[in-house]
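Structure at a glance
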Amino acid sequence: MEIVVSGIRSTGQLHLGNYFGAVKNFVRMQHEHPCYFFIANYHALTTHPEPASLRASVRQVLVEYLACGIDPEKAVVYLQSDLPEIPELYMLLNMHAYVGELEKVPTFKDKVRKQPNNVNAGLLTYPVLMTADVIIHKASRVPVGKDQEQHLEMARNFVNRFNHFYGVDYFPEPYPYNFGQELVKVPGLDGSGKMGKSEGNAIYLSDDPAVIRKKIMRAVTDTGPTEPNSPVSEPVNNLFTLLSLVAAPERVDFYKAAYADCSIRYGDLKKELAEEVLSFVAPIQERIREISADDAYIRKVLTEGAEKARLSSSKTLREVREIMGF
Ligand code: TRP
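Everything quoted here is computed from the prediction, not taken from an experiment.

1. Quick notes on unusual backbone geometry
- Phi is positive for Asn229, close to 60°, though the residue is something other than glycine.
- Along the chain, Asn229 turns up in the loop between helix H9 (209-217) and helix H10 (234-246).
- A residue is classified by how much of its surface remains accessible, and Asn229, at 62% relative accessible area, is exposed.
- If you check the backbone angles, Cys262 has positive phi at about 65° while not being a glycine.
- Structurally, Cys262 can be placed in the loop between helix H11 (249-260) and helix H12 (266-292).
- What makes Cys262 partly exposed here is its relative accessible area of 28%.

Following this line, the structure appears as structure tokens:
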């Protein structure tokens, strides 16, 4: 049985794009594999968050994932910082990671460009820490998006180097977990591309209803079809796609037909989309409120998660130390 590990960025709340992407995958995988899901709060330190805001965002992200259906009875859910074996393995792996190869990583070069006065060593060794996260459980599957594939390639390099150097076949190579065709691309509200935090075109799961309505009513469209059966522009098609995610298929067909015969009114489409999104997120928001109010439950999830995760991480570290000659 292949072991799955994924790290969750502790910054940023979940938007619909995350929901229909990563989160749905996680929820599905937890039934099919042994899964370890953790909040990557050490990685967050590369941008120097205030302690209070780090704590608050870690809590919020955890609550939102639980509200979306990550089940701590099925998957092992924990904080990266609750596993002391991760930083120890990271330190050991650093001895086999070369500055030259780390400097070449595109995400590192990006950061150097974007934050030239905070090029810290943690940023340079980010892929080493990420490797430790994954191989501490000897995982071979990592559900991540395209932007993380480079990091996983580094992880495979580090794993192969370790196995080769110590003459063992200890760590499996970690590969991205790919649902391929089944992955829905959730478009944003700005007429092009996908929904994303940095794009500023996102609907967040915890947005107020008034905010959601406003965002959708302001979504980019076009001037409308002028002759029957004209091709649908990207911005309008994006609204159809969003509607298809949250409403019955007949409602999408209805608006497509209205587009085809030029009777469509984008205002109506948007109003309906907004109401459908609101009914879709309402139960999630309700669970977010419930879980968020229950400190004891959150503490229990994290305590039990850390305990379960440490069964595996302490075993790996013991074996690694042995292999390395300690
Ligand atoms: N780097 C990942 C991201 O930005 C988060 C992450 C940290 C991660 N450690 C991981 C993902 C280990 C998968 C496995 O999204």
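2. Quick word on the domain arrangement of the chain
- You can read the domains of the chain as domain 1 (4-185 + 295-324) and domain 2 (209-289).
- Taking the mean C-alpha position of each, domain 1 and domain 2 sit 36 Å from one another.
- At the junction of the two partners, domain 1 supplies 10 residues and domain 2 supplies 8 residues.
- Together, the buried faces of domain 1 and domain 2 total about 760 Å²; carbon and sulfur atoms form 83% of this surface.
- Among the residues of domain 1 in contact with domain 2, Leu16, Phe20 and Ala67 are the three that bury the most area, contributing 58% of the side total.
- In this assembly, domain 1 and domain 2 are joined by 0 salt bridges.
- Connecting domain 1 to domain 2 are 1 residue pair in polar contact (both at pLDDT 80 or more).
- Mapped onto the side of domain 1 that touches domain 2, the elements with two or more residues apiece are helix H1 (16-29) and helix H2 (51-67).

3. Here we look at the side chain of Ser6
- With respect to the helices, strands and loops of the structure, Ser6 is situated in strand E1 (residues 4-8).
- Within the structure, the side chain of Ser6 is placed 3.3 Å from the backbone oxygen of Pro143, a separation counted as a polar contact.
- For Ser6, the residues in contact, after removing those within four places along its chain, are Phe26, Tyr36, Phe37, Phe38, Pro143 and Val144.

4. Overview of the packing of aromatic side chains
- Taken as a whole and assessed by the stated rule, the structure comprises 12 aromatic pairs.
- Through pairs of rings, three or more aromatic residues link up here, namely Phe162, Phe165, Tyr166, Tyr170 and Phe171.
- Lying across the ring of Phe254, Arg251 places its NZ or CZ 4.6 Å from the centre.
- Lying over the aromatic face of Phe326, Arg321 brings its terminal NZ or CZ to 5.0 Å of the ring centre.

5. Side note on the site of the ligand
- By nearness alone, 13 residues border the ligand, and Gly7, Arg9, Tyr126, Asp133 and Gln148 come closest of all.
- One nitrogen or oxygen atom from the side chain of Arg9 is found 2.7 Å from an oxygen atom belonging to the ligand.
- Between Tyr126 and the ligand, the recorded distance is 2.7 Å, taken from a side-chain N or O atom to a nitrogen atom.
- Isolated, the ligand exposes 370 Å² of accessible area, and the fraction of that covered by the protein chains is 95%.
- Broken down by secondary-structure element, the contributors of at least two residues to the shell around the ligand are E1 and helix H7 (126-135).
- For the shell around the ligand, a count of residues per class yields 7 nonpolar, 4 polar and 2 charged.

Cut-offs applied
Residues numbered from 1 in each chain as written. Predicted model: local features only at pLDDT ≥ 70, side-chain atom pairs only at ≥ 80, totals over all residues. Heavy atoms only, no water. Helix = DSSP H or I, 4+ residues; strand = E, 2+ residues; numbered from the N terminus. Buried < 20%, exposed > 50% of the residue type's maximum accessible area, 1.4 Å probe, protein only. Domains from an automatic or database assignment. Contact = heavy atoms within 4.5 Å. Buried area = accessible area lost by both parts, 1.4 Å probe. Salt bridge = Lys/Arg side-chain N within 4 Å of Asp/Glu carboxyl O. Polar contact = N/O pair within 3.5 Å; in protein donor to acceptor, adjacent residues only side chain to side chain. Phe/Tyr/Trp six-rings, centres within 6.5 Å; stacked < 30°, edge-to-face > 60°. Lys NZ or Arg CZ within 6 Å of the ring centre and 35° of its normal. Near = heavy atom within 4 Å. Areas by Shrake-Rupley, 256 points an atom, 1.4 Å probe, with all protein chains shown as cover. Nonpolar A, V, L, I, M, F, W, Y, C, P; charged D, E, K, R; others polar.

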